[in-house]
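This is what each chain is made of:
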Amino acid sequence: MASTKATASRGGKRKAAAAPIKVSVEDLQSYYRDMLLIRRFEEKAGQMYGMGLIGGFCHLYIGQEAVVVGVQAAMGPLDTVLTSYRDHAHMLACGMDPKGVMAELTGRSGGYSKGKGGSMHMFSREERFFGGHGIVGAQVPLGTGFAFAHRYLEEDAVSITYLGDGALNQGQVYESFNMAALWSLPAVYVIENNKYGMGTSIERSSAKSTELYNRGQAYGIPGIQVDGMDVLAVREAAEKALGHARSGKGPFIMEMLTYRYRGHSMSDPAKYRSKEEVQKVRQERDPIERLRGIMIERKVMDEDRLKALDKEVKAIVSEAADFAQTSPEPDPSELYTDVYV
(Lines give C-alpha, C1' and ligand atoms only; values in the text may rest on other atoms or scores of the structure.)
Protein backbone atom coordinates (compact mmCIF):
# COMPACT_ATOMS: atom_id res chain seq x y z
CA MET A 1 0.00 0.00 0.00
CA ALA A 2 1.70 3.22 1.11
CA SER A 3 5.39 3.40 1.84
CA THR A 4 7.84 6.10 2.83
CA LYS A 5 10.98 6.59 0.79
CA ALA A 6 13.73 7.02 3.35
CA THR A 7 14.32 8.04 6.93
CA ALA A 8 17.08 9.65 8.93
CA SER A 9 17.55 8.76 12.57
CA ARG A 10 19.43 10.71 15.20
CA GLY A 11 22.44 8.57 14.42
CA GLY A 12 22.41 9.26 10.69
CA LYS A 13 20.75 8.20 7.47
CA ARG A 14 19.05 4.86 7.05
CA LYS A 15 16.72 3.25 4.56
CA ALA A 16 13.54 1.69 5.83
CA ALA A 17 10.29 0.34 4.47
CA ALA A 18 7.33 1.23 6.65
CA ALA A 19 4.59 -1.23 7.46
CA PRO A 20 1.47 -0.63 5.37
CA ILE A 21 -1.37 1.24 7.03
CA LYS A 22 -4.96 0.10 7.14
CA VAL A 23 -7.22 2.38 5.12
CA SER A 24 -10.99 2.09 5.15
CA VAL A 25 -13.29 2.71 2.22
CA GLU A 26 -14.50 5.85 4.01
CA ASP A 27 -10.91 7.07 4.36
CA LEU A 28 -10.21 6.64 0.65
CA GLN A 29 -13.40 8.46 -0.30
CA SER A 30 -12.68 11.26 2.16
CA TYR A 31 -9.10 11.78 0.95
CA TYR A 32 -10.21 11.80 -2.67
CA ARG A 33 -12.99 14.31 -2.03
CA ASP A 34 -10.74 16.61 -0.01
CA MET A 35 -8.03 16.62 -2.68
CA LEU A 36 -10.60 17.17 -5.41
CA LEU A 37 -12.14 20.10 -3.49
CA ILE A 38 -8.72 21.72 -3.18
CA ARG A 39 -7.96 21.18 -6.87
CA ARG A 40 -11.29 22.62 -8.06
CA PHE A 41 -11.10 25.52 -5.59
CA GLU A 42 -7.64 26.48 -6.78
CA GLU A 43 -8.65 26.21 -10.43
CA LYS A 44 -11.56 28.56 -9.77
CA ALA A 45 -9.32 30.96 -7.83
CA GLY A 46 -6.97 31.03 -10.82
CA GLN A 47 -9.88 31.87 -13.13
CA MET A 48 -11.13 34.63 -10.84
CA TYR A 49 -7.65 36.11 -10.59
CA GLY A 50 -7.45 36.19 -14.38
CA MET A 51 -10.81 38.03 -14.45
CA GLY A 52 -9.47 40.68 -12.07
CA LEU A 53 -11.74 39.59 -9.20
CA ILE A 54 -8.78 38.69 -6.96
CA GLY A 55 -6.08 41.28 -6.43
CA GLY A 56 -2.61 41.19 -4.95
CA PHE A 57 -0.73 37.91 -4.73
CA CYS A 58 -2.23 34.48 -5.30
CA HIS A 59 -0.17 31.29 -4.92
CA LEU A 60 -1.92 28.11 -6.06
CA TYR A 61 -1.44 24.61 -4.61
CA ILE A 62 -2.42 22.59 -7.70
CA GLY A 63 -0.43 19.33 -7.73
CA GLN A 64 0.45 19.29 -4.02
CA GLU A 65 -2.93 18.25 -2.63
CA ALA A 66 -1.78 14.92 -1.17
CA VAL A 67 0.59 16.61 1.26
CA VAL A 68 -1.88 18.62 3.29
CA VAL A 69 -4.70 16.04 3.06
CA GLY A 70 -2.41 13.21 4.19
CA VAL A 71 -0.99 15.17 7.12
CA GLN A 72 -4.44 16.37 8.19
CA ALA A 73 -5.64 12.75 8.29
CA ALA A 74 -3.08 11.99 11.01
CA MET A 75 -3.75 15.05 13.18
CA GLY A 76 -5.47 15.23 16.54
CA PRO A 77 -8.27 17.66 17.52
CA LEU A 78 -6.00 20.05 19.43
CA ASP A 79 -3.12 20.14 16.93
CA THR A 80 -2.33 23.52 15.38
CA VAL A 81 -1.31 24.43 11.84
CA LEU A 82 0.78 27.29 10.46
CA THR A 83 1.98 27.70 6.90
CA SER A 84 3.26 30.20 4.36
CA TYR A 85 1.47 32.10 1.59
CA ARG A 86 0.56 29.00 -0.49
CA ASP A 87 -2.16 28.41 2.03
CA HIS A 88 -5.68 28.00 0.58
CA ALA A 89 -5.39 24.20 0.61
CA HIS A 90 -4.35 24.12 4.25
CA MET A 91 -7.41 26.15 5.20
CA LEU A 92 -9.77 23.85 3.32
CA ALA A 93 -8.09 20.74 4.74
CA CYS A 94 -8.53 22.14 8.27
CA GLY A 95 -12.25 22.46 7.68
CA MET A 96 -12.54 26.18 6.92
CA ASP A 97 -15.58 27.13 4.82
CA PRO A 98 -14.73 27.53 1.09
CA LYS A 99 -17.08 30.53 0.96
CA GLY A 100 -15.15 32.35 3.67
CA VAL A 101 -11.81 31.54 2.07
CA MET A 102 -12.90 32.67 -1.42
CA ALA A 103 -14.52 35.82 -0.03
CA GLU A 104 -11.24 36.72 1.63
CA LEU A 105 -9.43 36.24 -1.67
CA THR A 106 -11.77 38.79 -3.26
CA GLY A 107 -11.37 41.21 -0.34
CA ARG A 108 -14.98 41.01 0.86
CA SER A 109 -16.39 41.38 4.35
CA GLY A 110 -17.59 37.76 4.34
CA GLY A 111 -13.98 36.57 4.30
CA TYR A 112 -12.16 35.03 7.24
CA SER A 113 -10.24 38.26 7.87
CA LYS A 114 -13.18 40.51 6.89
CA GLY A 115 -11.56 41.18 3.54
CA LYS A 116 -8.47 42.80 5.06
CA GLY A 117 -5.98 39.95 4.74
CA GLY A 118 -6.35 38.55 1.26
CA SER A 119 -4.69 35.38 0.07
CA MET A 120 -1.77 35.30 2.49
CA HIS A 121 -3.29 36.47 5.77
CA MET A 122 -6.29 34.61 7.11
CA PHE A 123 -6.77 32.27 10.05
CA SER A 124 -9.37 30.44 12.08
CA ARG A 125 -9.02 29.97 15.81
CA GLU A 126 -11.95 27.53 15.72
CA GLU A 127 -10.23 25.26 13.19
CA ARG A 128 -6.81 25.67 14.89
CA PHE A 129 -5.35 27.29 11.73
CA PHE A 130 -3.08 30.23 12.57
CA GLY A 131 -1.98 31.57 9.17
CA GLY A 132 -1.13 32.19 6.25
CA HIS A 133 2.17 34.18 6.50
CA GLY A 134 3.59 36.30 3.71
CA ILE A 135 7.20 36.59 4.93
CA VAL A 136 9.32 33.67 3.73
CA GLY A 137 10.16 31.38 6.65
CA ALA A 138 8.51 33.60 9.29
CA GLN A 139 5.95 30.93 10.17
CA VAL A 140 8.67 28.58 11.44
CA PRO A 141 9.56 30.44 14.67
CA LEU A 142 5.86 31.12 15.19
CA GLY A 143 5.06 27.43 14.82
CA THR A 144 7.84 26.66 17.27
CA GLY A 145 6.25 29.12 19.68
CA PHE A 146 2.95 27.27 19.39
CA ALA A 147 4.79 24.03 20.19
CA PHE A 148 6.23 25.71 23.28
CA ALA A 149 2.72 26.83 24.29
CA HIS A 150 1.38 23.30 23.89
CA ARG A 151 4.06 21.97 26.20
CA TYR A 152 3.76 24.83 28.70
CA LEU A 153 -0.01 24.41 28.93
CA GLU A 154 0.37 20.61 29.08
CA GLU A 155 -1.92 20.15 26.07
CA ASP A 156 -2.15 16.93 24.10
CA ALA A 157 -1.25 18.83 20.95
CA VAL A 158 1.42 19.09 18.26
CA SER A 159 2.30 22.18 16.26
CA ILE A 160 2.55 21.42 12.52
CA THR A 161 4.47 24.02 10.52
CA TYR A 162 4.65 23.86 6.73
CA LEU A 163 7.47 25.52 4.83
CA GLY A 164 8.75 25.38 1.29
CA ASP A 165 12.16 24.24 0.07
CA GLY A 166 12.92 27.89 -0.71
CA ALA A 167 12.38 28.90 2.92
CA LEU A 168 14.50 26.13 4.36
CA ASN A 169 17.78 28.04 4.00
CA GLN A 170 16.58 30.89 6.23
CA GLY A 171 18.55 31.45 9.43
CA GLN A 172 15.40 31.71 11.54
CA VAL A 173 14.53 28.14 10.54
CA TYR A 174 17.68 26.79 12.19
CA GLU A 175 17.24 28.94 15.27
CA SER A 176 13.81 27.35 15.57
CA PHE A 177 15.20 23.84 15.09
CA ASN A 178 17.73 24.49 17.85
CA MET A 179 15.14 25.72 20.35
CA ALA A 180 12.67 22.96 19.50
CA ALA A 181 15.33 20.30 20.02
CA LEU A 182 16.75 21.93 23.14
CA TRP A 183 13.36 21.94 24.84
CA SER A 184 11.98 18.75 23.21
CA LEU A 185 8.99 20.64 21.86
CA PRO A 186 6.05 18.85 20.17
CA ALA A 187 6.76 20.31 16.73
CA VAL A 188 6.56 18.76 13.28
CA TYR A 189 8.12 20.68 10.40
CA VAL A 190 6.75 19.74 6.97
CA ILE A 191 9.03 20.75 4.10
CA GLU A 192 6.95 20.96 0.92
CA ASN A 193 9.73 20.38 -1.59
CA ASN A 194 8.08 21.25 -4.89
CA LYS A 195 11.47 21.51 -6.61
CA TYR A 196 11.40 25.25 -7.25
CA GLY A 197 11.77 28.09 -4.76
CA MET A 198 10.13 30.80 -6.87
CA GLY A 199 12.06 30.34 -10.13
CA THR A 200 15.18 28.62 -8.80
CA SER A 201 15.48 24.84 -8.86
CA ILE A 202 16.32 23.08 -5.62
CA GLU A 203 19.56 21.77 -7.14
CA ARG A 204 20.80 25.32 -7.69
CA SER A 205 19.76 26.72 -4.31
CA SER A 206 20.39 24.03 -1.68
CA ALA A 207 23.42 21.93 -0.81
CA LYS A 208 22.61 18.20 -0.59
CA SER A 209 19.29 18.97 -2.26
CA THR A 210 18.21 15.32 -2.22
CA GLU A 211 18.43 15.14 1.57
CA LEU A 212 16.52 18.10 2.97
CA TYR A 213 15.01 15.86 5.66
CA ASN A 214 18.51 15.65 7.16
CA ARG A 215 18.66 19.38 7.92
CA GLY A 216 17.94 18.80 11.60
CA GLN A 217 20.78 16.33 12.17
CA ALA A 218 23.00 18.88 13.88
CA TYR A 219 20.33 19.24 16.55
CA GLY A 220 19.47 15.55 16.79
CA ILE A 221 16.12 16.01 15.04
CA PRO A 222 15.08 12.91 13.08
CA GLY A 223 13.61 13.29 9.63
CA ILE A 224 11.86 11.33 6.92
CA GLN A 225 11.52 11.75 3.16
CA VAL A 226 8.12 10.95 1.69
CA ASP A 227 6.48 10.64 -1.71
CA GLY A 228 4.33 13.74 -1.37
CA MET A 229 2.27 12.78 -4.42
CA ASP A 230 0.88 9.72 -2.61
CA VAL A 231 -1.71 10.64 0.02
CA LEU A 232 -1.46 7.22 1.70
CA ALA A 233 2.32 7.46 2.03
CA VAL A 234 1.92 10.95 3.48
CA ARG A 235 -0.63 9.80 6.04
CA GLU A 236 1.58 6.90 7.10
CA ALA A 237 4.63 9.11 7.55
CA ALA A 238 2.60 11.81 9.33
CA GLU A 239 1.30 9.29 11.87
CA LYS A 240 4.89 8.39 12.64
CA ALA A 241 6.06 12.01 12.91
CA LEU A 242 3.12 13.20 14.99
CA GLY A 243 3.35 10.17 17.24
CA HIS A 244 7.03 10.94 17.85
CA ALA A 245 6.34 14.58 18.76
CA ARG A 246 3.23 13.82 20.80
CA SER A 247 5.01 11.22 22.93
CA GLY A 248 7.49 13.78 24.26
CA LYS A 249 10.45 12.80 22.07
CA GLY A 250 10.77 16.27 20.56
CA PRO A 251 10.54 17.70 17.04
CA PHE A 252 10.44 15.83 13.74
CA ILE A 253 11.09 16.87 10.13
CA MET A 254 9.15 15.59 7.14
CA GLU A 255 10.34 16.29 3.60
CA MET A 256 7.53 15.91 1.07
CA LEU A 257 8.68 15.31 -2.50
CA THR A 258 5.89 17.08 -4.35
CA TYR A 259 5.35 19.30 -7.40
CA ARG A 260 3.34 22.40 -8.25
CA TYR A 261 1.87 22.55 -11.74
CA ARG A 262 1.50 26.33 -11.88
CA GLY A 263 4.12 29.02 -11.41
CA HIS A 264 5.24 30.34 -8.05
CA SER A 265 2.31 32.77 -8.13
CA MET A 266 -0.28 33.79 -10.70
CA SER A 267 2.14 36.41 -12.05
CA ASP A 268 4.85 33.81 -12.74
CA PRO A 269 4.94 32.39 -16.32
CA ALA A 270 7.25 29.56 -15.08
CA LYS A 271 9.60 29.73 -18.07
CA TYR A 272 12.37 28.17 -15.98
CA ARG A 273 11.00 24.67 -16.65
CA SER A 274 9.66 22.93 -19.73
CA LYS A 275 6.04 22.12 -20.46
CA GLU A 276 7.18 18.54 -21.00
CA GLU A 277 8.47 18.34 -17.42
CA VAL A 278 5.14 19.48 -15.99
CA GLN A 279 3.15 17.21 -18.27
CA LYS A 280 5.26 14.19 -17.33
CA VAL A 281 4.49 14.71 -13.63
CA ARG A 282 0.80 15.20 -14.38
CA GLN A 283 0.63 11.96 -16.33
CA GLU A 284 2.75 9.80 -14.05
CA ARG A 285 2.42 11.15 -10.49
CA ASP A 286 -0.74 13.23 -10.13
CA PRO A 287 -2.01 12.56 -6.57
CA ILE A 288 -5.69 12.66 -7.42
CA GLU A 289 -5.39 10.36 -10.43
CA ARG A 290 -3.27 7.92 -8.41
CA LEU A 291 -5.90 7.63 -5.69
CA ARG A 292 -8.65 7.48 -8.30
CA GLY A 293 -6.90 4.47 -9.85
CA ILE A 294 -6.67 2.74 -6.48
CA MET A 295 -10.36 3.26 -5.78
CA ILE A 296 -11.44 1.97 -9.19
CA GLU A 297 -9.14 -1.05 -8.85
CA ARG A 298 -10.58 -1.85 -5.40
CA LYS A 299 -14.12 -1.10 -6.61
CA VAL A 300 -14.52 1.57 -3.94
CA MET A 301 -16.16 3.90 -6.47
CA ASP A 302 -17.02 3.45 -10.14
CA GLU A 303 -16.78 6.05 -12.92
CA ASP A 304 -20.38 7.20 -12.46
CA ARG A 305 -19.94 7.87 -8.74
CA LEU A 306 -16.63 9.63 -9.36
CA LYS A 307 -18.26 11.90 -11.94
CA ALA A 308 -21.13 12.62 -9.53
CA LEU A 309 -18.63 13.53 -6.79
CA ASP A 310 -16.79 15.87 -9.13
CA LYS A 311 -20.09 17.56 -9.97
CA GLU A 312 -20.88 17.92 -6.26
CA VAL A 313 -17.47 19.47 -5.54
CA LYS A 314 -17.75 21.87 -8.47
CA ALA A 315 -21.13 23.01 -7.13
CA ILE A 316 -19.54 23.78 -3.73
CA VAL A 317 -16.78 25.79 -5.40
CA SER A 318 -19.25 27.61 -7.65
CA GLU A 319 -21.32 28.54 -4.59
CA ALA A 320 -18.17 29.85 -2.89
CA ALA A 321 -17.32 31.97 -5.95
CA ASP A 322 -20.86 33.41 -6.06
CA PHE A 323 -20.72 34.22 -2.35
CA ALA A 324 -17.33 35.89 -2.79
CA GLN A 325 -18.61 38.13 -5.55
CA THR A 326 -21.88 39.10 -3.86
CA SER A 327 -20.53 39.61 -0.34
CA PRO A 328 -20.19 43.37 0.39
CA GLU A 329 -16.85 45.13 0.54
CA PRO A 330 -15.57 45.99 4.03
CA ASP A 331 -16.76 49.21 5.60
CA PRO A 332 -13.94 51.81 5.74
CA SER A 333 -14.19 51.73 9.54
CA GLU A 334 -12.69 48.22 9.43
CA LEU A 335 -9.32 49.87 8.83
CA TYR A 336 -9.23 50.67 12.55
CA THR A 337 -10.36 47.32 13.96
CA ASP A 338 -8.22 44.30 14.93
CA VAL A 339 -5.04 46.38 14.74
CA TYR A 340 -3.45 44.54 17.65
CA VAL A 341 -6.06 42.23 19.16
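The structure displayed is predicted, hence computed values, not measured ones.

A.B. asks: What should I look at first to understand the side chain of Arg108 in this one?
C.D. replies: Topologically, Arg108 is positioned in the loop between helix 4 (98-105) and helix 5 (139-152). This buried residue, Arg108, is left without a salt bridge; Glu329 holds the nearest opposite charge, at 4.6 Å. Setting aside its immediate chain neighbours within four residues, Arg108 contacts Ala103, Lys114, Gly115, Ala324, Gln325, Thr326, Ser327, Pro328, Glu329 and Pro330.

A.B. asks: Just checking my understanding: could you explain the packing of helix 1 (residues 25-50) against helix 4 for this structure?
C.D. replies: Think of two packed helices as two axes; the pair is described by the angle between the axes and how far apart they sit. Packing of helix 1 against helix 4 brings their axes to within 11 Å, and their N-to-C directions diverge by 25°. Accordingly, the angle class assigned to the pair helix 1 and helix 4 is roughly parallel. Here the hand of the crossing between helix 1 and helix 4 comes out right-handed. Between helix 1, through Leu37, Phe41, Lys44, Ala45 and Met48, and helix 4, the contact on the second element is made entirely by Pro98, Val101, Met102 and Leu105. Class assignment for the residues of the contact of helix 1 with helix 4 results in eight nonpolar, no polar and one charged.

A.B. asks: Is there a simple way to think about the environment of Cys58 in this case?
C.D. replies: When you line up the elements, Cys58 lands in the loop between helix 1 and helix 2 (65-72). Look at Cys58 and you get buried, because its relative accessible area is 1%. Distance in space between the C-alpha atoms of Cys58 and Ala324 is 15 Å, their sequence separation being 266 residues. In contact with Cys58, other than residues within four places in its own chain, are Tyr49, His88, Ser119, Ser265 and Met266.

A.B. asks: What am I meant to see in the packing of aromatic side chains here?
C.D. replies: Any pair of aromatic rings gets described here by the distance separating the centres and the angle formed by the planes. Going through the model one piece at a time under the given rule, you end up with seven aromatic pairs. On the basis of an interplanar angle of 20° and a centroid distance of 6.0 Å, the ring pair of Phe148 and Tyr152 is categorised as stacked. Of this pair, Phe148 and Tyr152 both sit in helix 5, four residues apart, roughly one helical turn. On the basis of relative accessibility, which here comes to 38%, the residue Phe148 falls in the partly exposed class. The exposure class of Tyr152 is exposed, given its relative accessible area of 63%. Plain terms: the ring middles of Phe148 and Trp183 are 5.6 Å apart, the flat faces sit at 50° to each other, and that makes the pair tilted. Within this pair, whereas Phe148 is found in helix 5, its partner Trp183 is found in the loop between helix 6 (171-182) and strand 5 (187-193), the two being separated by 35 residues in sequence. Cluster of aromatic residues (ring-pair linked, three or more members): Phe148, Tyr152 and Trp183. The cationic tip of Lys99 hangs over the ring face of Phe323; the distance from NZ or CZ to the ring centre is 5.8 Å.

Rules used in this analysis
In every chain, residue numbers begin from 1 and rise along the written sequence. The predicted nature of this model means local features are confined to residues of pLDDT at least 70 and side-chain atom pairs, given and counted, to a pLDDT of 80 or more, with totals for whole chains, interfaces and linings taken over all residues. To get the side-chain values, all heavy atoms of the structure are used, and hydrogens and water are removed first. Strands here mean DSSP runs of E at least two residues long; helices mean DSSP runs of H or I at least four residues long; both are numbered from the N terminus. Any residue under 20% of the maximum accessible area for its type is buried, any over 50% is exposed, and the rest in between are partly exposed; the area is computed with a 1.4 Å probe on protein chains only. Working convention for charge: Lys and Arg count positive, Asp and Glu count negative, and His plus the chain ends are omitted. Throughout this description, the term salt bridge denotes a Lys or Arg side-chain nitrogen within 4 Å of a carboxyl oxygen of Asp or Glu. The contact definition used throughout considers only heavy atoms, calling two residues in contact when any of these lie within 4.5 Å. Lines are fitted to the C-alpha atoms to define the axes, a helix being fitted only along its stretch in contact, and any angle between axes, read from their N-to-C directions, falls within 0 to 180 degrees. Oblique is the label for any angle not covered by the other classes, which are roughly parallel (under 35 degrees), roughly antiparallel (over 145) and roughly perpendicular (65 to 115). Crossings are assigned a handedness: left-handed for a near helix turned anticlockwise from the far helix by less than a right angle, right-handed for a clockwise turn. Charged means Asp, Glu, Lys or Arg here, nonpolar means Ala, Val, Leu, Ile, Met, Phe, Trp, Tyr, Cys or Pro, and polar covers whatever is left, Gly included. When the centres of two rings from Phe, Tyr and Trp lie within 6.5 Å, Trp using its six-membered ring, the rings pair. Their planes under 30 degrees apart give stacked, over 60 give edge-to-face, and anything left gives tilted. Whether a charge lies above a ring is judged from NZ of Lys or CZ of Arg, which has to be within 6 Å of the ring centre and within 35 degrees of the ring normal.

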